[in-house]
Amino acid sequence: MPSPSTEFTHAITRRPAEGVVNGLRAEDTGTPDLEKMLAAHADYVATLKSTGATVIELDALEEYPDALFVEDTALCLPQGAILMRPGAPSRMGEVSEMAPTLRDLYSEIREIKGPGHIEGGDILVTGREVLVGRSARTDAEGVAELRAILSDWGHDLREVFTPEGVLHFKTDCSLLDAETVLATRRLADSGCFEGYRVIYVAEGEEAAANAIRFNDLVIMPADFPRTAETVRKAGYEVREIANSECAKIDGGMSCLSLRFTPS
Ligand code: CIR
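Attention here is on the structure that accompanies the text. (Residues numbered from 1 in each chain as written. Predicted model: local features only at pLDDT ≥ 70, side-chain atom pairs only at ≥ 80, totals over all residues. Heavy atoms only, no water.)

**Observations concerning the site of the ligand**
What surrounds the ligand is a group of 13 residues, the closest being Leu24, Asp66, Asp72, Ile249 and Cys255. A distance of 2.8 Å separates a nitrogen atom of the ligand from a polar side-chain atom of Asp72. In the complex, 99% of the free accessible area of the ligand, which totals 350 Å², lies under the protein chains. Residue composition of the shell around the ligand, by class: five nonpolar, two polar and six charged. (Near = heavy atom within 4 Å. Polar contact = N/O pair within 3.5 Å; in protein donor to acceptor, adjacent residues only side chain to side chain. Areas by Shrake-Rupley, 256 points an atom, 1.4 Å probe, with all protein chains shown as cover. Nonpolar A, V, L, I, M, F, W, Y, C, P; charged D, E, K, R; others polar.)

**Details of helix H3 (residues 140-152)**
Between the first and last C-alpha of H3 there are 19 Å, a value that for 13 residues agrees with the 18 Å anticipated at 1.5 Å per step. Where H3 is concerned, the buried positions are Gly142, Val143, Leu146, Ile149 and Leu150. Each buried residue of H3 sits inside an arc of 125° when the element is viewed along its axis, so together they form one side. Within two residues after H3, Gly154 carries a phi angle of roughly 80°, on the positive side. (Helix = DSSP H or I, 4+ residues; strand = E, 2+ residues; numbered from the N terminus. Expected span 1.5 Å × (residues − 1). Buried < 20%, exposed > 50% of the residue type's maximum accessible area, 1.4 Å probe, protein only. Arc of directions from axis to C-beta.)

**A closer look at the packing of aromatic side chains**
Here the structure, examined in full by the defined rule, presents four aromatic pairs. Each ring, one from Phe8 and one from Phe214, has its centre 5.7 Å from the other, and the planes form 15°; the classification is stacked. Of this pair, Phe8 sits in the segment before strand E1 (10-14) while Phe214 sits in strand E12 (residues 212-214), and the two are 206 residues apart along the sequence. The two residues Phe8 and Phe214 agree in class, both being buried. Above the face of the Tyr196 ring, Arg128 is positioned so that its terminal group lies 4.0 Å from the ring centre. In this arrangement the basic side chain of Arg185 is found over the ring face of Tyr200, its NZ or CZ atom lying 3.8 Å from the centre. (Phe/Tyr/Trp six-rings, centres within 6.5 Å; stacked < 30°, edge-to-face > 60°. Lys NZ or Arg CZ within 6 Å of the ring centre and 35° of its normal.)

So, in structure tokens, the structure goes:
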């Protein structure tokens, strides 16, 4: 039986726009190089497709520099899709740009209406529950509104906390299989993964924690060799994708796609 938290027939991505150089970032570590980013993005899309999935590639959106990070706009579950309400004001409009694509694919669409905020990067769907990290982008009202929708669909939501200074909950963790997470120590030390098997990223390789399990593959950012080796030794098939340019605007492997099986 396919596992809904790791096996997907579809993904949605969005091509980076020239305006990506203006993407939000916590600190300035240099301007992203669009050509390099496009090459890495193409590699990412090809890797998703290599698992047999259909990848819907949306056009770049010049008016939204962060729109390539489609994960933040929606939560896609077997029962339906939920449109998010980003906490970053400059990203609010990305949701209505994503909505028509999801409406074509799903018969059931809900939306976070507010006043709270929630971004997809703060949501980890595991084999048994939906973990949502409160963060600078995701507040208590947003979590409460999502909880009400998920309870209609029979999912348990557990509220947890994204460490101070970390953008999203999934900046620091990923699901490797229904019961196993890859995480930083600073996040796992909060106790939020009690009952799960935790594989830790290597010290100094914290950015390796933002990976994705997509069908048979664990897709990880390149340049974190010790963590990649640990994940391989644990029995997973790893693919590494260059992430140097997205990293300059705080993005990574999970942010770049919505992954789902439409109902
Ligand atoms: C932002 O600050 O919103 C973007 N520059 C990065 C978003 C990354 N998304 C994610 O982790 N899900």
